[in-house]
Amino acid sequence: MSGVVAAMRRTLLSCTILAHGGRAALGMIAGVAGLGVAQPAHAVERPFVHVISNVIGISHQEFAALTTALSLLGFSVVSAILLMRTRLRAARTETGLRGEIQSLQSEADRYRALLFAEPQILIAWPAGEDRPQISGDVAALTGQEHPQRILAFGTWLAAGAALQMERAIDTLRDTGEGFWLNLTTSKGTPVEALGRAIGGQAVVRIRELSGVRRELAETNLRHKALLQETEMLRGFAQAAPWPIWAKRADGGLQYANDAYARAVDAASIADAVERKLELLDSGSRADMERALNETAAFTARLPIVVGGERRFYDVQALSIGGGSVGMAVDVSETNALNDALARMMEGHRRTLDQLSSGVAVFDGRRRLAFYNDSYRRLWDLDRAFLDSNPDDSSVLDRLRAARKLPEQPDFRAWKAKLHEAYRAVEAEKDTWYLPDGRALSVVTTPNPEGGVTYLFDDVTESLDLARRFDGLIRVQRETLDNLAEAVAVFGSNGRAQLFNPAFASMWKLSNEALGEQPHIDTVETWCKPLFDDAATWRIIREAVTRIGNRVAVPLKLERRDGSVLDCMTMPLPDGATMLTFQDITDTENVERALRERNEALETADQMKVDFVHHVSYELRSPLTTIIGFAHLLNDPTTGPLMPKQAEYLNYITASTNSLFALINNILDLASIDAGAMTLEIGPVDIRKAIDNAAEGIQDRLAHNRIELKVEVAPGIGTFVADGGRVVQVLYNLLANAVGFSPQDSAITLSARRTDHHVIFAVTDHGPGIPPEVKDKVFDWFESHSNGSRHRGAGLGLPLVKSFVELHGGRVRVDSVIGKGTTVTCDFPIDQAAHRNAAE
């Protein structure tokens, strides 16, 4: 009926269109029929009407009315015909549709009955919709009352199964990829979930597995797991680096891996199986077959030649399912390592025997496994007892019985605590003080393989040294703290490690701040208010932080408060640097005063020398005139003199000669003191020099009736010196000896020669020199008669000393009160060698 109604609606719509546009449509039809091209109605209407009206002889208006009437008549006829045809077709279609609907309904009922013959659920998501259509026995299968709650899979499926289900459904709805899952509910019931994309819908069927299907599913799962396990084992066997094989019951090779094929030099596994290549030799195979028949297992370490090289393998074989499987693990390196380990252990044993420390190793059963000779000698134990492998307790009991262990109030508890080392994981260290006064350092170390190793070291001397060292450190600390000198020690990192209170007080620093071990730069900043000399502080910093070329550096610091410090940077052997500061303000003031006084004395002495030079020069000129006129008056050519006049003239001559000699001596001493005296070096005949000196003293010897004894070895020869000064030295010595010798006595002048010196000695028998005067005999103008006839200015011996020392020699005076004096002068033979040595 709906088809008929639609046809009628289409017919009425066509009539309406024709009624409103019949004329236009007729014009278009005429245009198409007559011209072949459709034109607009107003373009063809007039020519067509005009032609027709001319043919039939009617007016234009009449023809238009006629045309409209004919159009309505034709439309009515066509509409009636179409309406009848539509009614007939609709009647036939309605009858067929009713039959088809009944057939589809019957078929749908059959499918539904078949589909829900067992408990299951269907969930369908139409395309483009999020709310699914759910059908089936939801409550029986899931326990959920409301069908939509089935979508909360976590409420009725196991945790892993719910997540797996959600991911599979998301993939199905997004990409159309189907799935088939075997899941488990939260109650442990197995279910099957099947998802497919059907007719544009995502459909999921969930049903419980039971009976044959359940057994089949479990069988499939076991089969799948077995296949996976088999593939995994095959992959492992192929990847294993050891030869692995399987043999049939008749001994034929059934399976081998790549390592087996390489070991038997086969091209491939198939080649090894086809050629039945054996890894073991015949004897080893026979042993393996016999062991498999008897015990179903075979284990041995066998030599196998692989790649032309003899190597060792650990072969394992088992009888399985009428055949056998085997594996060979290459242990050549392990075997070599074991041999090396055995050699190393033997070497260690020999090394331990050479140690001074006592070593005892007890195994896991607490029995003595090893000891060295130092251990035996330390405890004075019998070697036979130790070789019997006694247990730890037996050894301790024997030592206790011999009173060689520390005294313990509870020996059993002490021994139990000691044996805790067998269960410990870290070494323990202790010190035993033995009754005989020794101290032992004991280290108990648990062994990885079980047991304990004892190390005994006699530390008696070390502890004694440590005690003495600690005492020395305390003494040094107290000494350092009580020093007036400020001391600070800076480490190699430039930080203050040690200081005494004097250092903190001298630089006005706090002990707390210095206790923080400040850097030298920080200490410099603290000290700058008292001393701000950048150059000096740079030297101190470099001395503290320098790595190489470490030397002691003395410094003098004049601080702003007027104090003067004497500083010394002293490098220490451990890389540290010690700074010492001594307040020398008072010393500096005294030194300054002494320096000023010395400069004044030197100035006065120079004035004295200048005065002596000046006076001697001024006296020498008139004295030379007096001597000249005295000689002139004494000359017979000037006329005779009266005896009294001649006597007076002789007194004048003698006095002027003495005064002239005195002035010459003063000038010589002044020249020597001023450093202006130069020697005229040349060869000096020793015997001749003695004769010249003796000749000048003859008149005084004769006047005082004194005998001169000269003791000179024949052929004494010459030496290098200033001859005039040597004669002057000998003359002054003889004159000094004559002055102190009593009348009718003798003086001795001796000369002897050594390898490097010529030694002159003049001895008199006068009163001698008192000890309090002996140190002053070489001072200027020091003259002591000591009860003798000697009178003089006291310049003879000072002049002798100056001339001898100018030659590089030395003068010695030996005197005995009442028995006389001996003056000895040593002259070096070679003046050139003396000058080189002096330079």
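Refer to the structure above for everything that follows.
Residues numbered from 1 in each chain as written. Predicted model: local features only at pLDDT ≥ 70, side-chain atom pairs only at ≥ 80, totals over all residues. Heavy atoms only, no water.

Participant: Looking at this structure, how should I read the overall build of the chain?
Facilitator: Helix and strand content of the chain: 27 helices and 27 strands. The buried share of the chain, taken over its 839 residues, is 34%. The long-range share in the chain, meaning contacts at least 24 apart out of those at least 6 apart in sequence, stands at 48%. When the accessible surface of the chain is totalled, it reaches about 50700 Å², and 55% of it is carbon and sulfur. (Helix = DSSP H or I, 4+ residues; strand = E, 2+ residues; numbered from the N terminus. Buried < 20%, exposed > 50% of the residue type's maximum accessible area, 1.4 Å probe, protein only. Contact = heavy atoms within 4.5 Å. Areas by Shrake-Rupley, 256 points an atom, 1.4 Å probe, with all protein chains shown as cover.)

Participant: What's the story with the packing of aromatic side chains in this structure? I'm lost.
Facilitator: Note on aromatic pairs: each is described by the distance of the centres and the angle between the planes. In the structure shown here, the tally under the stated rule is 16 aromatic pairs. The interplanar angle of 40° and the centroid separation of 5.8 Å between the aromatic rings of tyrosine 375 and phenylalanine 456 together place this pair among those described as tilted. A residue pair is termed long-range when its members are at least 10 positions apart, and tyrosine 375 in helix H11 (residues 373-379) and phenylalanine 456 in strand E15 (residues 452-458) qualify at 81 residues. Neither residue differs from the other here; tyrosine 375 and phenylalanine 456 are each classed as buried. Relative to phenylalanine 581, the ring of phenylalanine 503 has its centre 5.9 Å away and its plane inclined at 40°; by these criteria the two rings are tilted. Of the two residues, phenylalanine 503 sits in helix H16 (residues 501-506) while phenylalanine 581 sits in strand E20 (residues 577-583), which places them 78 residues apart along the sequence. Phenylalanine 503 gets classed as buried once you look at its relative accessible area, which sits at 3%. For phenylalanine 581, a relative accessible area of 2% translates into the label buried. Among the aromatic side chains, those forming a connected cluster through ring pairs are Phe362, Tyr375, Trp379, Phe411, Trp414, Trp432, Tyr454 and Phe456. One Lys or Arg, arginine 366, reaches over the ring of tyrosine 422 and ends 4.6 Å from the middle of that ring. (Phe/Tyr/Trp six-rings, centres within 6.5 Å; stacked < 30°, edge-to-face > 60°. Lys NZ or Arg CZ within 6 Å of the ring centre and 35° of its normal.)

Participant: In this structure, what is going on with the sheet that holds strand E2 (residues 133-136)? I would like to understand it.
Facilitator: By way of backbone hydrogen bonds, the strands of a sheet pair with one another, either parallel or antiparallel. The strand order E2-E1-E5-E4-E3 describes an open sheet built from five strands, whose pairing is antiparallel. In this open sheet, the two strands that pair with only one neighbour each are E2 and strand E3 (179-184). Going from strand to strand, the sheet's axes swing by 15° on average, the running direction of each strand aside. As judged from the four bridges shared by strand E1 (residues 120-125) and E2, these two strands associate in the antiparallel manner. Residue pairing for E2: alanine 124 is matched across the bridge by glutamine 133. (Pairing = 2+ DSSP bridges. Axes fitted to C-alpha atoms, helices over the stretch in contact; angles between N-to-C directions.)

Participant: How do you make sense of the pattern of salt bridges when you look at a structure like this?
Facilitator: A side chain of one charge can pair with a side chain of the opposite charge when the charged atoms of the two come close. What the rule picks out here adds up to 31 salt bridges. Glutamate 407 is paired through a salt bridge with arginine 403; the nearest N and O atoms lie 3.0 Å apart. Residue classification places arginine 403 among the exposed residues on the basis of a relative accessible area of 53%. In this structure, glutamate 524 and lysine 528 form a salt bridge, with 3.6 Å as the shortest nitrogen-oxygen distance. Linked by salt bridges that have partners in common, Glu309, Arg311, Asp330 and Glu333 make up one network. (Salt bridge = Lys/Arg side-chain N within 4 Å of Asp/Glu carboxyl O.)

Participant: Would you mind going over the packing of helix H22 (residues 686-696) against helix H24 (residues 723-740) with me for this structure?
Facilitator: Orientation of H22 relative to H24, taken along the N-to-C sense of each, is 45°, at an axis distance of 8 Å. In terms of their interaxial angle, H22 and H24 are classed as oblique. Crossing geometry of H22 relative to H24 is assigned as right-handed. Touching Ala689, Ile690, Asn692, Ala693, Ala694 and Gly696 of H22 are Val726, Val727, Leu730, Tyr731 and Leu734, all from H24. Considered class by class, the residues forming the contact of H22 with H24 number nine nonpolar, two polar and no charged. (Parallel < 35°, antiparallel > 145°, perpendicular 65-115°, else oblique. Left-handed = near helix turned anticlockwise from the far one by under 90°. Nonpolar A, V, L, I, M, F, W, Y, C, P; charged D, E, K, R; others polar.)

Participant: Whenever I open this one, a negative patch on the surface confuses me. Can you help?
Facilitator: A cluster of acidic side chains, namely Glu420, Glu426, Glu428 and Asp430, defines a negative patch on the protein surface. Examined against the element boundaries, glutamate 420 turns out to sit in the loop between helix H14 (411-418) and strand E13 (428-433). Assessed through its relative accessible area of 42%, glutamate 420 is described here as partly exposed. (Patch = residues over 30% accessible without salt bridge, like charges linked within 9 Å, V, L, I, M, F, W, Y side chains within 5 Å. Lys, Arg positive; Asp, Glu negative; His and termini not counted. Charge placed at Lys NZ, Arg CZ, Asp CG, Glu CD.)

Participant: Before we go on, may I ask you to explain the nonpolar core in this structure?
Facilitator: Soluble, globular proteins show a tendency: their nonpolar side chains are buried together. Grouped together as the largest cluster of nonpolar side chains are 41 residues, with contacts concentrated most on Phe719 and Phe760. Those elements that provide at least two residues to this core are H22, strand E23 (718-721), H24, strand E24 (746-753), strand E25 (757-764), helix H26 (796-806), strand E26 (810-816) and strand E27 (820-828). A per-element tally of this core places H24 first, with eight residues. With sequence-adjacent residues up to four places away left out, phenylalanine 760 is seen in contact with Ile686, Ile690, Phe719, Val726, Leu730, Ser750, Ala751, Val823, Thr824, Cys825 and Phe827. Grouped together as the second largest cluster of nonpolar side chains are 27 residues, Phe490, Phe503, Ile540 and Val553 included. (Core = buried A, V, L, I, M, F, W, Y, C linked by side-chain atoms within 4.5 Å.)

Participant: What am I meant to see in the pairing of E13 here?
Facilitator: Walk down a regular strand and you will see the side chains alternate between the two sheet faces. The pairing of E13 with strand E14 (residues 439-446) spans six bridges and is antiparallel. When the bridges of E14 are listed, threonine 431 appears paired with serine 441. What sits between E13 and E14 in their antiparallel hairpin is a turn of five residues, with glycine 437 showing a positive phi close to 95°.

Participant: Hey, could you run me through helix H19 (residues 534-545) in this one?
Facilitator: Because each turn of an α-helix spans 3.6 residues, side chains separated by three or four positions end up pointing in the same direction. Compared with an ideal rise of 1.5 Å per residue, which puts twelve residues at 16 Å, H19 spans 16 Å between its outermost C-alpha atoms and is within 8% of the ideal. Among the residues of H19, those classed as buried are Thr536, Trp537, Ile540, Ala543 and Val544. Viewed end-on, H19 has its buried residues packed into an arc of 120°, placing them on one side of the element. The inward-facing, buried residues of H19 contact strand E16 (486-490), helix H18 (520-527), strand E18 (553-558), strand E19 (564-571) and E20. (Expected span 1.5 Å × (residues − 1). Arc of directions from axis to C-beta.)

Participant: Looking at this model, I keep getting lost on the side chain of arginine 311. Mind explaining?
Facilitator: Structurally, the position occupied by arginine 311 is in strand E9 (residues 309-320). We classify arginine 311 as buried; its relative accessible area is 15%. Of the polar contacts made by the side chain of arginine 311, one reaches the side chain of glutamate 309; its length is 3.1 Å. There is a polar contact of 2.8 Å between the side chain of arginine 311 and the side chain of aspartate 330. Not counting the four nearest positions on each side in its chain, arginine 311 is found in contact with Leu302, Pro303, Ile304, Asp330, Ser332 and Glu333. (Polar contact = N/O pair within 3.5 Å; in protein donor to acceptor, adjacent residues only side chain to side chain.)

Interpretation note: all reported values are geometric properties and have no functional meaning in isolation.
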